[in-house]
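# Fold and contact review
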Amino acid sequence: MPRFLHTADWQIGRQFATLSPDNAPMLAEARLQAVERLAALAAAERVDAVLVAGDVFDAQTVSERTVRRLFNALAGFAGPWLLLPGNHDAALAESVWSRAQRLGAVPANAHLLLEPGVQLFEAQGFAALPAPLTQRHTHHDLTAWFDGAETPAGLLRIGIAHGSVQGILAEGIDSANPIAPNRAARARLDYLALGDWHGSKEIDARTAYAGTPEPDRFRANDAGNALLVEIAAPGAVPQVRRVPVGQFRWQQIEAALQVESDLDALLDQLAALTPQHVVDLRLRGQLDLAARTRLQAGLGAAEARVRHLQADQSALRLVPTDADIAALQADGYLGEVIAELRAEGESETAQDALALLAGVLAERA
């Protein structure tokens, strides 16, 4: 029974420029480590080939060291690696792929699918039908040639493509690089391995996105997997199993803070985070001075524990209580200013100014 490991969207060399300089390099390194884990998994599962459905590299301009390290990471699996160019690493006349070949970095078992056309892997029992991108964006279906492609009888027909299955993915997805939703049936494929969507997603019984093996965004779309695919014989329905391989967990947390129990629940959630978490925290609501002190302590502890924590508190207002104001013991000019601001009552500007002043005084205290 032929077996394949389907993966995609490694985006080796990604810089994570929007994250802190302390954390970005480690997240970039995790992508190479994910490839090493994929190699170990392929060897342990004794697959016949690894199908990499595009965006192996994040950009054409990755360094020579990064190129060499990527191909070194394949060493744990001695079978065929089928590497397809995607929109980030398209097979241009001069590309990261041509550089890799000039460097002599490509091992003999790494097959670069730089041109459309049937490639036979008779010893492994399949024929590969690749649809490489030769420019970043196209507006016609590069898999259309699969329909008329002839392959030897007795070999599985395995398509590999990178793009957007039309009418299936979330609304607003980039419509460039379209793929017909019924391509597997029209082309008599036993399996169509797709890349570009960064989460694992089944399109039909013979078509699936593997997703990126190492999560790289906060969208909850089941990233961090590879797909183990078994096909008994030509025409048989593939058996597909998701295998978790990601190291880090990207999570977005939204919390509305109005009463003390809201803050208690948030602090419990922060305390449960681990060093494998990359967190985007978005807060709204209001806090008094005591609650804000508890929140900042909880954020500080979580930030020191997780891989990365970014917190948006722009929609969170500080609303000091009478007891908070009294505890500040502001006298003289500052006391007069606070009294005037409090006399403004429900004025939003006065309330914001009072909160700002109270916050500064509390920090100094």
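Within every chain, residues take consecutive numbers counted from 1 along the sequence as written. Thresholds applied to this predicted model are a pLDDT of at least 70 for local features of residues and 80 or more for the giving and counting of side-chain atom pairs; totals over whole chains, interfaces and linings are not thresholded and use all residues. Water and hydrogen atoms were dropped before computing side-chain values, which therefore reflect all heavy atoms in the structure.

## Observations concerning the packing of helix 2 (residues 64-72) against helix 3 (residues 96-103)
Formally: An axis is simply a line fitted to the C-alpha atoms; with a helix, the fit covers only the stretch in contact. Between two such axes, the angle follows the N-to-C directions and lies from 0 to 180 degrees. Numbering of helices and strands runs from the N terminus; a helix is a DSSP stretch of H or I covering at least four residues, while a strand is a stretch of E covering at least two. Our angle categories are set so that under 35 degrees counts as roughly parallel, over 145 as roughly antiparallel, 65 to 115 as roughly perpendicular, and the remainder as oblique. It only takes one pair of heavy atoms within 4.5 Å for two residues to be counted as in contact. Gly is placed with the polar residues, together with every amino acid not listed as nonpolar (Ala, Val, Leu, Ile, Met, Phe, Trp, Tyr, Cys and Pro) or charged (Asp, Glu, Lys and Arg).
Following both chains from N to C, one finds helix 2 and helix 3 inclined at 75°, their axes separated by 10 Å at the closest point. It follows from the interaxial angle that helix 2 and helix 3 lie roughly perpendicular. Listed contacts from helix 3 to Glu 64, Val 67, Arg 68 and Phe 71 of helix 2 are Val 96, Trp 97, Arg 99, Ala 100 and Leu 103. Considered class by class, the residues forming the contact of helix 2 with helix 3 number six nonpolar, no polar and three charged.

## A word on the pattern of salt bridges
Note the threshold: Salt bridges, as used here, are contacts in which a Lys or Arg side-chain nitrogen is within 4 Å of a carboxyl oxygen on Asp or Glu. A simple rule labels every residue: compare its accessible area, found with a 1.4 Å probe on the protein chains alone, to the largest value its type can have, and call it buried under 20%, exposed over 50%, or partly exposed in between.
The full count for this structure, using the stated rule, is 17 salt bridges. In this structure, Glu 230 and Arg 3 form a salt bridge, with 2.8 Å as the shortest nitrogen-oxygen distance. On the criterion of sequence distance, the pair formed by Glu 230 in strand 13 (residues 225-230) and Arg 3 in strand 1 (residues 3-7) is long-range, its members being 227 residues apart. According to the relative accessible area criterion, Arg 3 is buried, its value standing at 17%. With its nearest N and O atoms 2.6 Å apart, the salt bridge here joins Arg 69 to Glu 29.

## Description of helix 2
For an α-helix the count is 3.6 residues per turn, leaving residues at separations of three or four pointing the same way. For clarity, the threshold we go by: Think of the arc as the fan of directions from the helix axis to the C-beta atoms.
Turning to helix 2, its buried residues number three or more, namely Thr 66, Val 67, Leu 70 and Phe 71. The buried residues of helix 2 occupy an angular sector of 130° when the element is viewed end-on, so they sit on one face. Turned more than 90 degrees from where helix 2 packs its buried face, Arg 65 and Asn 72 sit exposed. Contact partners of the buried residues in helix 2: helix 1 (24-45), strand 3 (81-83), helix 3 and strand 4 (110-112).

## Quick notes on helix 1
Quick note on the threshold: Multiplying 1.5 Å by the residue count of a helix minus one yields the expected span of that helix.
Under the 1.5 Å per step criterion, the end-to-end length of helix 1 is 32 Å for 22 residues, consistent within 8% with the ideal 32 Å. Buried within helix 1 are the following residues: Ala 24, Leu 27, Ala 30, Arg 31, Leu 32, Ala 34, Val 35, Leu 38, Ala 39, Leu 41, Ala 42 and Glu 45. Phi turns positive, to about 55°, at Arg 46, one or two residues after helix 1.

## So, the nonpolar core
What counts, and what does not: Each nonpolar core is a collection of buried residues, namely Ala, Val, Leu, Ile, Met, Phe, Trp, Tyr and Cys, held together in the definition by side-chain atoms within 4.5 Å.
Ranked by internal contacts, the top residues of the largest apolar core, which has 33 residues, are Leu 5, Trp 10, Phe 57, Leu 70, Phe 71, Trp 81 and Leu 83. Considering every element that reaches this core, the biggest residue donor is helix 1, with six residues. Of all hydrophobic cores here, the second largest spans 21 residues; its members include Phe 4, Leu 51, Ala 193 and Ala 208.

## What to know about unusual backbone geometry
Phi is positive for Gln 11, close to 50°, though the residue is something other than glycine. Assignment of secondary structure puts Gln 11 in the loop between strand 1 and helix 1. For Gln 11, a relative accessible area of 3% translates into the label buried. The phi angle at Asp 196 is positive, at roughly 120°, despite the residue not being glycine. Among the structural elements, Asp 196 can be located in the loop between strand 10 (191-195) and strand 11 (201-204). Classification of Asp 196 by relative accessible area gives partly exposed; the value is 25%.

## With respect to the packing of helix 5 (residues 260-271) against helix 6 (residues 289-305)
Geometry of a packed helix pair, given as the angle between the helix axes and the separation of the axes. Axis separation between helix 5 and helix 6 bottoms out at 9 Å; the angle between their running directions is 10°. In terms of orientation, helix 5 lies roughly parallel with respect to helix 6. Where helix 5 abuts helix 6, its residues Glu 260, Leu 263, Asp 264, Leu 266, Leu 267, Leu 270 and Ala 271 lie against Ala 291, Arg 294, Leu 295, Gly 298, Leu 299, Ala 302 and Arg 305. Partitioning the contact of helix 5 with helix 6 into residue classes produces nine nonpolar, one polar and four charged.

## Describing the sheet that holds strand 6 (residues 126-131)
Which entries qualify depends on this criterion: What makes two strands pair is DSSP finding at least two bridges between them.
Within the open sheet, the six strands sit side by side as 5-6-7-10-12-11. Their pairing is mixed. Edge positions in the sheet fall to strand 5 (119-121) and strand 11, since each has one partner strand and no second. When the angles between neighbouring strand axes are averaged without regard to direction, this sheet yields 20°.

## What about the packing of aromatic side chains?
The line we're drawing: Any two rings among Phe, Tyr and Trp, with Trp reduced to its six-membered ring, count as a pair given centres within 6.5 Å; such a pair is stacked if its planes are under 30 degrees apart, edge-to-face if over 60, and tilted if neither.
Counted under the stated rule, the structure contains nine aromatic pairs. Where Phe 16 meets Trp 250, the ring centres are 5.8 Å apart and the plane angle is 35°; that geometry is what we call tilted. You can see Phe 16 sitting in the loop between strand 1 and helix 1 and its partner Trp 250 sitting in strand 15 (residues 249-257), a full 234 residues away along the chain. For the pair shown, Phe 16 and Trp 250 are each scored as buried. Here the aromatic rings of Phe 57 and Phe 71 are separated by 6.3 Å at their centres, their planes lie at 55°, and the arrangement is tilted. With Phe 57 in the loop between strand 2 (49-52) and helix 2 and Phe 71 in helix 2, this pair connects stretches of sequence that are 14 residues apart. The same class applies to Phe 57 as to Phe 71, namely buried.

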